[in-house]
Amino acid sequence: MEKICSALEPIFPCRESAINTLAELIGDSREAYPAAIHLFGHSGTGKTALTKAFFKQCQRQQHVRIAQLNAIECYTTKILLEYVLDALAPSQDEGDAVRADNMLEFVEKLRQWHDQNDGDGDSQAFLIAVDNAERLRDMDANVLPVLLRLQQLTSLNLCVVLLSQLPFEKFYNKTGLSEVISLHLPQYNKAETQRILSTDFAHTRNHYLDKFSGHHERLEICKEALTEDFYGNYLNLFLSVFYKACRDVPELRLTARKCFDIYMEPVLDGSVEATDISRLWRHIAGPLRSALTQIYMRIDKHSFEAGDGGGGSSALEDQSVRKLAQSLELPYYGKYLLIAAFLASYNSAKQDKRLFVKHHGKQRKRMQTVNAKAKTSDKMSTALGPKSFSIDRLLAIFYAILEEKVGLTCNLLSQISTLVHLKLLSFVSGEQNIMDGSARLQCTVGLEFVLYIGKVVGFNVRQYLCDFM
């Protein structure tokens, strides 16, 4: 158990508690496993990667057979059962196709293996991991209950690990389910995210040293400037822009690697000192905001490297965003909901009446108002980033900008969930409280993207933005 923890803790920083808990539960195959473990948390929290690495260590250091499957790929009960049997089959059965048409045959086959183990006198342990386990609810009614009681039905030292983004309360059905041990992997906070991303420092430094091995001047700059403190300052600036919009660590790591090349450019050119954080921030701020509009979208990195510092007017970025926006197959009302979400994120709630109500009364012009409107590009709301909004305000703006009348139906509300699933919107708080109106969201797409969505449906977005009035 200690060997497993010592091997995994350096690979998965900030997950020491989860690793120790798993090691106590299934780290020793000589002890009885729990029947089932439910491991849940948001995407990007390391559920699948941690489980795979843990199972490999168990298989390497102990006499354990493992099966890892994805419920999305195993879309029928028969495929799921045969996949598990193939993975857990003893060595003498590896050449034969293991078949199971139903749960009865599946359990009977595992019982035969138990009888063989008793005859050999060799204790065998089994670990099964099911990713996207919420899909099991859509299979035959007996699949999930049998998997949770598989240890009892087969008399094997066997544990089923369910990986899901949902708490176990969402799995209960009319017949009820056996109790499981639930282990929650929370989202990383900002300090933990920076610690995880900082593990890329050694890889990044070696990459630059190899890249400029034939360029003596730049090689010396990299050796002197590229330190842990320098990389930590970059990650701090990077997360100040990205952390509120994205908590997915793999996505943040990918974007941070791309943007670091832009951050290093003035240092390598000798135009900015590595210790001048303020000038480096002014250089990287524009590209970071542009990259923020393309998070999750996998647009070519040149689209925010080239041009005028990432303001969105380069030809490559314009072409990439236009192509993506025009190819986005959202429902008609879904596009209006996305536009309404953008307006709610980048307009002050105090301006809603003036923007969306026809007879809002006259507004007296004062010098304070005139001076406040004379904004620089750095102070514009579209440059400062999205703000959170309630679902009630989102729907109010949606009905204000939509010319036709449409009722508030379940289909319309489900399109909000679709936008969240597509990472075009993200929850800030109250994810479990959508219907009571306490949930707060923010829009994760940028101005250029929404402008093209507006063109598709014939809506002028700029006309309803405070920055352009």
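What counts, and at which threshold
- Sequence positions are assigned chain by chain, starting from 1 and proceeding in written order.
- Two thresholds apply to this predicted model, a pLDDT of at least 70 for residue-level local features and 80 or more for giving and counting side-chain atom pairs, whereas whole-chain, interface and lining totals are computed over all residues.
- By convention in this description, side-chain values take in all heavy atoms of the structure and omit both hydrogens and water.
- Definition of nonpolar core: a set of buried residues of the types Ala, Val, Leu, Ile, Met, Phe, Trp, Tyr and Cys, connected through side-chain atoms within 4.5 Å.
- Note on classification: 1.4 Å probe, protein chains only; a residue is buried when its accessible area is under 20% of the maximum for its type, exposed when over 50%, partly exposed between these limits.
- Strands are runs of DSSP state E lasting at least 2 residues, helices are runs of H or I lasting at least 4, and numbering of each runs from the N terminus.
- In this description, contact between two residues means that some pair of their heavy atoms is separated by no more than 4.5 Å.
- Values of pLDDT, which run from 0 to 100, indicate the predictor's confidence residue by residue.
- A strand pair is defined by DSSP finding two or more bridges across the two strands.
- Fitting a line to C-alpha atoms yields each axis, with helices limited to the stretch in contact; the angle taken between N-to-C directions then spans 0 to 180 degrees.
- Take the residue count of a helix, subtract one, and multiply by 1.5 Å to get its expected span.
- Between 30 and 60 degrees the pair is tilted, below 30 it is stacked and above 60 it is edge-to-face, where a pair is any two Phe, Tyr or Trp rings, Trp via its six-membered ring, whose centres lie within 6.5 Å.
- In our convention, an over-ring charge means Lys NZ or Arg CZ found within 6 Å of a ring centre and within 35 degrees of that ring's normal.

Chemist: Which residues make up the nonpolar core, and what values go with them?
Modeler: Leu338, Ile339, Leu343, Ile401, Leu425 and Val461 are the most contacted members of the largest nonpolar core, which has 41 residues in total. Per-element tally for this core: the top contributor is helix α16 (residues 332-346), with 10 residues. In contact with Leu425, other than residues within four places in its own chain, are Leu338, Ala341, Ile416, Leu419, Val420, Leu441, Gln442, Cys443 and Thr444.

Chemist: Tell me what's going on with the confidence of the model for the chain, and back it up with residues and numbers.
Modeler: A residue-level look at the chain finds 80% of positions with pLDDT of 70 or above and a mean pLDDT of 80. Taken element by element, the chain is modelled with least confidence in helix α14 (residues 302-305), mean pLDDT 44, and with most confidence in strand β1 (residues 36-40), mean pLDDT 94. Low pLDDT, under 50, characterises residues 300-314; the predicted model gives this stretch 29 contacts beyond four residues in sequence or across chains.

Chemist: An account of the sheet that holds strand β8 (residues 440-443) is requested, with residue identities and associated values reported.
Modeler: In spatial order, the strands read β6-β8-β7; together these 3 strands make up an open sheet with antiparallel pairing. Of all the strands in the sheet, just β6 (389-390) and β7 (425-429) have a single pairing partner and so form its edges. Across 4 bridges, β7 lies against β8 in antiparallel orientation. Considered in β8, the bridge of Ser429 is made with Arg440. Against the sheet, α16 touches β6, β7 and β8, its axis set at about 100° to β8. Lying on the sheet, helix α21 (residues 410-421) is in contact with β7 and β8; it crosses β7 at an angle near 95°.

Chemist: Could you give an account of helix α11 (residues 228-242), with specific residues and numbers?
Modeler: Taking 1.5 Å as the rise per residue, α11 with 15 residues should run 21 Å; its terminal C-alpha atoms sit 20 Å apart, in good agreement. Listed in full, the buried residues belonging to α11 are Phe230, Tyr231, Gly232, Tyr234, Leu235, Leu237, Phe238, Leu239, Val241 and Phe242.

Chemist: If you had to explain the packing of aromatic side chains to someone new, which residues and values would you point to?
Modeler: Applying the stated criterion across every chain yields a total of 21 aromatic pairs. The interplanar angle of 15° and the centroid separation of 5.6 Å between the aromatic rings of Phe168 and Phe171 together place this pair among those described as stacked. Judged on exposure class, the residue Phe168 and its partner Phe171 are both buried. Taken together, the ring pairs connect Phe201, Tyr208, Phe212, Phe230, Tyr231, Tyr234, Phe238, Phe242, Phe260 and Tyr263 into an aromatic cluster. Its end group placed over the ring of Phe171, Arg137 keeps NZ or CZ at 5.7 Å from the ring centre.

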